[in-house]
Amino acid sequence: MSRTEVDVQPDSEPPPHADHAFFGQPRGLLTLSGLEVWERFSFLGMQAILVLYFADTVAHGGMGMSAGTAASVSAAYGTLVYLVSVAGGWLADRVLGSYRAVLWGGVLIACGHYAMAVPAAGTTWAGLGLISAGTGLLKPNVATMVGKLYRTDDDRRDAGFALYYMAINIGAFAGPLVTGWLGDHKGWHWGFSAAAIGMTLGLVQYVQGRRHLAGRKHAADFALPPDAMRRTVGLIVAGLAATAALAVLLASSGLLTMDRFVDLLTLVSVIAPVVYFAAMFASPRVTAEERGRLRPYIVLFLASTVFNFILFQAYSTMMLLASTNAETSILGFGFPASWYASALGAFEVALAPVVAALWVRMGRRQPHTSNKIAIGVVLGGLSFLLMVIPTSGHSFDDQLMSVWWIVGSYLLLGLGDILLETSGMSATTKLAPAAFAGQTMSLWFLSLALANGIQAQTVKLYDDVSGPAYFGVNGAVAVLAGLAVMAATPWLRRTMHPVH
């Protein structure tokens, strides 16, 4: 049964094929892209300064962590964000519906950023928890709503996801500029305040543009029966309260330390996708044809994990490297180290329309989705291999690396991100079993959780090994993984129908 056959209600169906109101794409793409502009502004604006806030001295308003610990905790936060996306996809499919899941997710994110604006350690951790819960609701479901704007055989789908990704990277570009300047000149919590305002603006435009969205009905697509719904909501509330109480008890007794919490999240990030894939393969609601499409999806999942392991370090180890070992001025103009993160967003804004136009021009002659993803992984690896050169041969005591090394690394990483994420999310909406549509997108985000979980362990070595060794080994592994996906392309072509 196809996704269109399941969503039979009129406001759940994709808009007519003739809807070309937004650069040749459906009008609803503008609403969803606008939401993601502000969500990325807030999320990545905060992410760009988070590791620097953790590593800064207490006297200067930071948390006083070592560089390796700051990067590890930052990665653990990312792990939690994407682990929660599993529950977000399930809640959208069974309880809330996509529209309300995204709306309430945005509300939680905004509340989390407002909490982080308060200069206290307790509100910082509470804010990160709220942002994790909200992002888990918003991220998998807004991408699913983009997929609902198109029929499966619509050739505009990949180009639409590329435009969507270009639009949200406007937020990725602007966010670090604003939060970075405020964090550097006014204090870290002023930067977190700007992130809160950005998410609020995103929610306003999302509600205003809701009439253009497919799947905006109040009921979930596969809603639980009323009695089961009440029991489920009660169990969720009780479970959250019990988990919070247990965490406070263990932390106060000294049994739950930060290091143990990070290790626990890494373990869960490894186990969760294994269990989830097994459950989907075993489900009686998944047809034999859909099960066959899940097998090549495992390859895409692993490719995403490898690439995002590199990508997320743009906001952790690369930020730490930039703050201590790189120049922070161009032609006499000084800037905060966190502004380097804006280079990544700028490249994606500039390159995404070029990639989208190329796919439209090539039509069915464009590379297979698996090849796009493989090239993206290779580019991610090359972005780290490039950093072997400036980190070799000196200790940076007397000479900082040029701005252009990090900018060049982010150029490769940005292009790779466009190729992998847009193709990966688009393929996910096509390969999803009908009964697991929102949750399959959550499974894609579990690859991001796994990437962060692995990163949370490896970045602990950042203080202990040389720069060339750290960046060289990680980059080489990514390049080899991308080449392996290329080698598997013939099999992927045969098994990924209707993805081409």
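Coordinates for the structure precede this section.
Residues numbered from 1 in each chain as written. Predicted model: local features only at pLDDT ≥ 70, side-chain atom pairs only at ≥ 80, totals over all residues. Heavy atoms only, no water.

Enquirer: An account of the packing of aromatic side chains is needed here, citing residue identities and associated values.
Expert: One pass over the structure, following the stated rule, counts 15 aromatic pairs. Relative to Trp125, the ring of Phe54 has its centre 5.8 Å away and its plane inclined at 25°; by these criteria the two rings are stacked. Pair noted here: Phe54 is in helix α2 (residues 28–55) and Trp125 is in helix α5 (residues 121–148), with a separation of 71 residues, a long-range link. Pairing Phe333 with Trp339 gives two aromatic rings, centres 6.2 Å apart and planes at 35°, and the pair type is tilted. Trp339 sits in the partly exposed class, given a relative accessible area of 22%. (Phe/Tyr/Trp six-rings, centres within 6.5 Å; stacked < 30°, edge-to-face > 60°. Helix = DSSP H or I, 4+ residues; strand = E, 2+ residues; numbered from the N terminus. Buried < 20%, exposed > 50% of the residue type's maximum accessible area, 1.4 Å probe, protein only.)

Enquirer: I'd like a description of the packing of α2 against α5, backed by residues and values.
Expert: With their axes 11 Å apart at the nearest point, α2 and α5 run at an angle of 150° to one another. Relative to α5, the element α2 is oriented roughly antiparallel. Read as a crossing pair, α2 and α5 show a hand that is left-handed. Of α5, the residues touching α2 (which contributes Leu29, Leu32, Leu35, Glu36, Glu39, Arg40, Phe43, Met46, Leu50, Tyr53 and Phe54) are Thr124, Trp125, Leu128, Ile131, Thr135, Leu138, Lys139, Val142, Met145 and Val146. In the contact of α2 with α5, the residues fall into 15 nonpolar, 2 polar and 4 charged. (Axes fitted to C-alpha atoms, helices over the stretch in contact; angles between N-to-C directions. Parallel < 35°, antiparallel > 145°, perpendicular 65-115°, else oblique. Left-handed = near helix turned anticlockwise from the far one by under 90°. Contact = heavy atoms within 4.5 Å. Nonpolar A, V, L, I, M, F, W, Y, C, P; charged D, E, K, R; others polar.)

Enquirer: Quick rundown of the side chain of Ser316? Include the residues and the values.
Expert: If you trace the backbone, Ser316 turns up in the loop between α10 (288–311) and α11 (317–325). The class of Ser316 is buried, set by a relative accessible area of 2%. Ser316 has contacts with Val51, Ala71 and Gln455, leaving out every residue within four places of it along the chain.

Enquirer: Describe the environment of Leu50, with residues and values.
Expert: By the secondary structure assignment, Leu50 is in helix α2. Along the primary structure Leu50 and Ser338 are separated by 288 residues, whereas in three dimensions their C-alpha atoms are 9.6 Å apart. With sequence-adjacent residues up to four places away left out, Leu50 is seen in contact with Ser74, Tyr77, Met116 and Leu128.

Enquirer: Go over the nonpolar core with me, naming the residues and quoting the values.
Expert: Met46, Tyr164, Tyr340, Ile406, Tyr410 and Leu446 are the most contacted members of the largest nonpolar core, which has 125 residues in total. The element that contributes the greatest number of residues to this core is α2, accounting for 13 residues. Beyond its immediate chain neighbours, meaning those up to four positions away, Tyr340 contacts Met319, Ala322, Ala326, Glu327, Thr328, Phe335, Val403, Ile406, Val407 and Tyr410. Counting residues in hydrophobic clusters, the runner-up holds 6 residues, among them Val95, Leu96, Ala101 and Leu137. (Core = buried A, V, L, I, M, F, W, Y, C linked by side-chain atoms within 4.5 Å.)

Enquirer: Break down a nonpolar patch on the surface for me, citing the residues and quoting the values.
Expert: A contiguous nonpolar surface patch, about 730 Å² in accessible area, is contributed by Trp125, Met258, Phe261, Leu264, Leu267, Val268, Val270, Ile271 and Val275. When residues in the nonpolar patch are grouped by element, the largest group, 8 residues, is from helix α9 (residues 258–282). For Val270, the position within the fold is in helix α9. (Patch = residues over 30% accessible without salt bridge, like charges linked within 9 Å, V, L, I, M, F, W, Y side chains within 5 Å. Areas by Shrake-Rupley, 256 points an atom, 1.4 Å probe, with all protein chains shown as cover. Salt bridge = Lys/Arg side-chain N within 4 Å of Asp/Glu carboxyl O.)

Enquirer: Tell me about the packing of α2 against helix α3 (residues 67–96), residues and numbers included.
Expert: Contact geometry of α2 with α3 gives a least axis separation of 8 Å together with a crossing angle of 150°. One finds that α2 runs roughly antiparallel with respect to α3. In this structure, α2 crosses over α3, and the sense of that crossing is right-handed. In this structure, α2 contributes Arg40, Phe43, Met46, Gln47, Leu50, Val51, Phe54 and Ala55 to the contact, and α3 contributes Ala70, Ala71, Val73, Ser74, Tyr77, Val81 and Tyr82. A per-class count over the contact of α2 with α3 returns 12 nonpolar, 2 polar and 1 charged.

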